[in-house]
2 protein chains.
Amino acid sequence: MNRKGTLFVITGPSGVGKGTVLQRVIQSMDRLYFSISATTRNPREGEQDGVQYHFLTREQFEQRIRQGRLLEYAEYVGNYYGTPLDPVEEHLGQGEDVLLEIELQGALKVKETRPDAVLVFIAPPSYHALETRLRGRGTEEEAVIQKRMNAARRECAGMEHYQYIVVNEQVEAAADELRAILLSCRCLRTKRGFALE
Amino acid sequence: MNRKGTLFVITGPSGVGKGTVLQRVIQSMDRLYFSISATTRNPREGEQDGVQYHFLTREQFEQRIRQGRLLEYAEYVGNYYGTPLDPVEEHLGQGEDVLLEIELQGALKVKETRPDAVLVFIAPPSYHALETRLRGRGTEEEAVIQKRMNAARRECAGMEHYQYIVVNEQVEAAADELRAILLSCRCLRTKRGFALE
């Protein structure tokens, strides 16, 4: 069986609980590779190269852009962020599915260059619920909350470009749905590469 | 939320273990309606009208054909078998998914008239494994086994028309896959009918 893996792109606004949902799915499935982004921002306390991010210099990052070794990249607040192409290709080639957790703009770029990528949007049950969660952290100023809510509305406006929507009302149910999406794609005839003998 | 359900067509050769797999899925999911076929054959010992089949006279069945009240039908060994359309429409309209367990020819007819139907084929891991299972029952003559294997090969040749393939090597895993297919289709953006407010 030499099936190729599927590339999954996961997007959701800040505060929706993507991390928790993804963690549960990753722990419960085999043959899954979670892509690690590259960035030029400085590592924060406790962050390790190759774990949270691949930390690159600006020069290294721009070289990778020129070499076409990034699946997508963007610049935010003066720093580059991007998805290294080599490990994605490598794991897909080994028949593993690859998960990218990236923002709307990056997701749309991936969809353009890889039309076979499967886009999954993790949505809050409502904007009100998202705002409650952001406030629930209790540490943010009003202006920060409003800035995040505006960013969330921009992200969510892109939902129409996604194939699947997982509504994170309850973490277990959301993880179950995301897991079902990944597993069902492995059952597609065109992916399964199954021949009866 | 007034989403319409999805129509799933499940096919697999005799002896593949469809019944067991389906039973587990039906027991573990809500909003699922399992279609009951109509037939003109006589009820067997213990069979009840409306449970295993809707038992109809030949005249009643042919009237339903003329009225267009069958989603598909076929004649086998002098008896009609078919899928009543009304309950299918009714349950789909209520947002429930509908499962039809039918043979290849019927499945292809459904796909023709309902291109949005999702076709799932339940396959044995190999022909050898299927034959072993058929023999395992221990009650059949060699000629009967060979006849079943020939029928199985004809059914399986149609696998290429199916969107999903579930390989029933181990019942739990197969049920998990079928369940994932059903659940993932509920997460399709076009099906979910989800609007953030």
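Since we're looking at a predicted model, the values are computed, not measured. Throughout this document, residue positions are counted from 1 along each chain, in the order its sequence is written. Chain labels run from A onward and ligand labels from 1 onward, assigned in the order the entries are written. It should be noted that, the model being predicted, local features are given only for residues of pLDDT at least 70 and side-chain atom pairs only at 80 or more, the latter also being counted only at that level, while totals for whole chains, interfaces and linings use all residues. Here the side-chain values reflect all heavy atoms present in the structure, with hydrogen atoms and water set aside.

**Examining the overall build of chain A**
Link 1 in the chain: Only DSSP runs of H or I covering at least 4 residues are called helices, and only runs of E covering at least 2 are called strands; the numbering of each starts at the N terminus. Across its full length, chain A carries 8 helices and 9 strands.
Link 2 in the chain: Our radius of gyration looks at C-alpha atoms and nothing else; its globule reference is 2.2 Å times the residue count to the power 0.38. For 197 residues, the compact-globule formula gives about 16 Å, and the C-alpha radius of gyration of chain A, at 18 Å, lands near that figure.
Link 3 in the chain: With the principal axes as the frame, chain A shows a C-alpha extent of 65 × 45 × 30 Å.
Link 4 in the chain: Summary of the burial criterion: residues with accessible area below 20% of their type's maximum are buried, those above 50% are exposed, and those between are partly exposed, where the area comes from a 1.4 Å probe applied to protein chains only. Burial analysis of chain A (197 residues in total) assigns 47% to the buried set.
Link 5 in the chain: For chain A, restricting intrachain contacts to residue pairs at least 6 apart in sequence, the fraction spanning at least 24 positions comes to 65%.
Link 6 in the chain: Summed over its atoms, the accessible surface of chain A is roughly 10,100 Å², and 46% of this surface lies on carbon and sulfur atoms.
Link 7 in the chain: Between the centroid of the 26 positive side chains of chain A and the centroid of its 28 negative side chains there is a distance of 2 Å. The contact criterion used is simple: two residues touch if any of their non-hydrogen atoms lie within 4.5 Å. Note on areas: Shrake-Rupley, 1.4 Å probe, and residue coverage restricted to the protein chains presented here. His is not counted here, nor are the chain ends, while Lys and Arg score as positive and Asp and Glu score as negative. By convention, the point assigned to a charge is CZ for Arg, NZ for Lys, CD for Glu and CG for Asp.

**Description of the side chain of B:Glu47**
Residue and element names in this part refer to chain B.
Link 1 in the chain: Counting through the fold element by element, Glu47 comes out in the loop between strand E3 (38-39) and strand E4 (54-55).
Link 2 in the chain: N or O atoms closer than or at 3.5 Å make up a polar contact, with two conditions inside protein: a donor-capable atom paired with an acceptor-capable one, and, for residues adjacent in sequence, both atoms drawn from side chains. A polar side-chain atom of Glu47 sits 2.9 Å from a polar atom in the side chain of Arg41.
Link 3 in the chain: What Glu47 contacts, discounting residues up to four positions off in sequence, is Arg41, Asn42, Gln52 and Phe55.

**Side note on the confidence of the model for chain A**
Link 1 in the chain: Summing up the model confidence of chain A, the mean pLDDT is 94 and the portion of residues at 70 or higher is 98%.
Link 2 in the chain: We note a pTM of 0.94 for the whole complex and an ipTM of 0.93 for its interfaces. pLDDT: the predictor's confidence for each residue, scored from 0 to 100.

**Observations regarding the packing of helix H1 (residues 18-28) of chain A against helix H7 (residues 171-186) of chain A**
Helix-helix packing: each pair is described by the crossing angle between the helix axes and the interaxial distance.
All names here are of chain A.
Link 1 in the chain: Packing of H1 against H7 leaves a shortest axis separation of 9 Å and a crossing angle of 55 degrees. In terms of axis orientation, H1 runs oblique to H7. Handedness of the crossing formed by H1 with H7: right-handed. Note on element contacts: H7 touches H1 through Val171, Glu172, Ala174, Ala175, Leu178, Arg179 and Leu182, opposite Thr20, Val21, Leu22, Arg24, Val25 and Ser28.
Link 2 in the chain: Polar here means any residue outside two lists: the nonpolar Ala, Val, Leu, Ile, Met, Phe, Trp, Tyr, Cys and Pro, and the charged Asp, Glu, Lys and Arg; Gly therefore counts as polar. Tallied by class, the residues present in the contact of H1 with H7 amount to 8 nonpolar, 2 polar and 3 charged. Fitted lines through C-alpha atoms serve as axes, helices being fitted only where they are in contact, and the angles separating the N-to-C directions of these axes extend from 0 to 180 degrees. To sort the angles, those under 35 degrees are grouped as roughly parallel, those over 145 as roughly antiparallel, those from 65 to 115 as roughly perpendicular, and the leftovers as oblique. Here a crossing is called left-handed whenever its near helix is offset anticlockwise from the far helix by less than a right angle, and right-handed whenever the offset is clockwise.

**Some remarks on the sheet that holds strand E1 (residues 7-11) of chain A**
Residues and elements named next belong to chain A.
Link 1 in the chain: Strand pairing is assigned whenever DSSP identifies at least 2 bridges connecting the two strands. Overall, parallel pairing links the 5 strands, which are arranged E2-E7-E1-E8-E9 in an open sheet. Of all strands in the sheet, those with a lone pairing partner are strand E2 (32-34) and strand E9 (164-167), marking the two edges. Averaged over neighbouring strand pairs, the angle between their axes works out to 25 degrees when direction is ignored.
Link 2 in the chain: Strand direction decides the pairing type here: E1 and strand E8 (residues 118-123), joined by 4 bridges, are parallel. Each bridged residue has a counterpart across the sheet, and for Phe8 the counterpart in E8 is Val118.
Link 3 in the chain: Against the sheet, H7 touches E1, E2, strand E7 (97-101), E8 and E9, its axis set at about 155 degrees to E9.

**Section: the pattern of salt bridges**
Residue and element names in this part refer to chain A.
Link 1 in the chain: By definition here, a salt bridge exists when the distance from a side-chain nitrogen of Lys or Arg to a carboxyl oxygen of Asp or Glu is within 4 Å. Scanning the entire structure with this criterion turns up 28 salt bridges over all chains.
Link 2 in the chain: Ionic pairing is found between Arg41 and Glu47, a salt bridge with its closest N-O pair at 2.9 Å. In this structure, Arg41 and Glu47 share a single accessibility class: buried.
Link 3 in the chain: As a salt-bridge pair, Arg58 and Glu75 come within 2.8 Å of each other at their nearest N and O atoms. Taken together, the residues span a long stretch of sequence, with Arg58 in helix H2 (residues 58-66) and Glu75 in strand E5 (residues 70-76) at a distance of 17 residues.
Link 4 in the chain: Connected through shared salt-bridge partners, Arg3, Asp30, Asp97 and Arg186 make up one network.

**Remarks on the relation of the copies chain B and chain A**
Link 1 in the chain: Least-squares fitting of one copy onto the other uses the C-alpha atoms of those residues that reach a pLDDT of at least 70 in both copies. You can overlay chain B on chain A at an RMSD of 0.0 Å; the transform is a turn of 180 degrees with a shift of 0.0 Å along its axis. What we have between these two chains is a two-fold relation. Within chain B, B:Ala180 has its C-alpha nearest the rotation axis, a separation of 2.1 Å.
Link 2 in the chain: Interface overlap between copies: 100% of the residues of chain B at the interface are likewise at the interface in chain A, consistent with a symmetric, same-surface contact.

**Structural notes on the pairing of E8(A)**
Residues and elements named next belong to chain A.
Link 1 in the chain: When you tally the buried positions in E8, you get 6 out of 6 residues, the bulk of the element.
Link 2 in the chain: Of the two faces of E8, the one lined by Val118, Val120 and Ile122 and the one lined by Leu119, Phe121 and Ala123 are each fully buried.
Link 3 in the chain: As defined by bridge partners, E8 adjoins E9 across 4 bridges and the pair is classed as parallel. In the strand pairing of E9, Ala123 is matched with Val167.

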